[in-house]
Amino acid sequence: MEQSIYYWILDIGIMYRKGGGRSGFWRIGERKELLREVDFWLSVLDMIAEERKGIDCSKQFWKEFTALCKRGNCSNYQRILQKKEDILNCKDIFMPDKEHEAKIHQLLQYFLLEVQKSLHDFDGKARAYKLLYGIHNLPKAMHGKWVLGEYYPNLSYYDALCYSESFIKKYGRLE
């Protein structure tokens, strides 16, 4: 499967989840649900690395993705399941700059691991959602045409990195 599609699905998931941190305490099941999704996102990043090596991970991806959607409240992903055939047949190949892609991939992995750590803290909710908010633009720089058909402007590598770096400078190490 085209690598940009993995980033596109990361984009949908992170955009949906970044707005969820409304109150100071974890709601019942919220932490578990978000942890399951962050684990999935980290798995997707691993699949992207495998795809770069020429190993097709699409079957593994769809298996994990379908399981995630069945297990949790993932209304944001339902339209992706409905358009699975269109996504698999998409021939729009987005060729990312290898240097920028490596940096964005590394940043996403680092910050998702930080989100994962925050989910294990009783009072880590604010930090987890701030981290998601800080990285929500990174996947946008890595996908091409919006397969679902809606107009969706891409973001340049520079803009995505600048936004995340300014966020990191503003909030420091978030400890």
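Residues numbered from 1 in each chain as written. Predicted model: local features only at pLDDT ≥ 70, side-chain atom pairs only at ≥ 80, totals over all residues. Heavy atoms only, no water.

(A) Inspection of the side chain of Ser43 at higher detail. Looking at the element boundaries, Ser43 is found in helix H2 (residues 30-52). On the accessibility criterion, Ser43 (14% relative accessible area) is buried. Non-local contacts of Ser43, meaning those with residues more than four positions away in its chain, are made with Gln60 and Glu64. (Helix = DSSP H or I, 4+ residues; strand = E, 2+ residues; numbered from the N terminus. Buried < 20%, exposed > 50% of the residue type's maximum accessible area, 1.4 Å probe, protein only. Contact = heavy atoms within 4.5 Å.)

(B) Seen up close, the packing of aromatic side chains. This model, assessed by the stated rule, comprises nine aromatic pairs. The interplanar angle of 85 degrees and the centroid separation of 5.4 Å between the aromatic rings of Tyr6 and Phe61 together place this pair among those described as edge-to-face. Here Phe61 lies in helix H3 (residues 58-71) and Tyr6 lies in helix H1 (residues 3-17), a separation of 55 residues in the sequence. Using a relative accessible area of 0% as the deciding quantity, one classes Tyr6 as buried. With relative accessibility at 0%, the residue Phe61 sits in the buried group. Among the aromatic side chains, those forming a connected cluster through ring pairs are Tyr6, Phe40, Phe61, Trp62, Phe65 and Tyr77. (Phe/Tyr/Trp six-rings, centres within 6.5 Å; stacked < 30°, edge-to-face > 60°.)

(C) Quick look at the environment of Asp121. With respect to the helices, strands and loops of the structure, Asp121 is situated in the loop between helix H6 (98-119) and helix H7 (125-135). Each C-alpha atom of the pair Asp121 and Arg31 lies 9.8 Å from the other, and the pair is 90 residues apart in sequence. Among all residues touching Asp121, those that are not within four sequence positions of it are Trp26 and Arg31.

(D) Geometry of the packing of H2 against H7. At a closest axis distance of 13 Å, the pairing of H2 and H7 adopts a crossing angle of 35 degrees. In the packing of H2 onto H7, the handedness of the crossing is left-handed. Residue-level inspection shows Glu30, Leu34 and Trp41 of H2 in contact with H7, the latter providing Lys125, Tyr129 and Leu132. (Axes fitted to C-alpha atoms, helices over the stretch in contact; angles between N-to-C directions. Left-handed = near helix turned anticlockwise from the far one by under 90°.)

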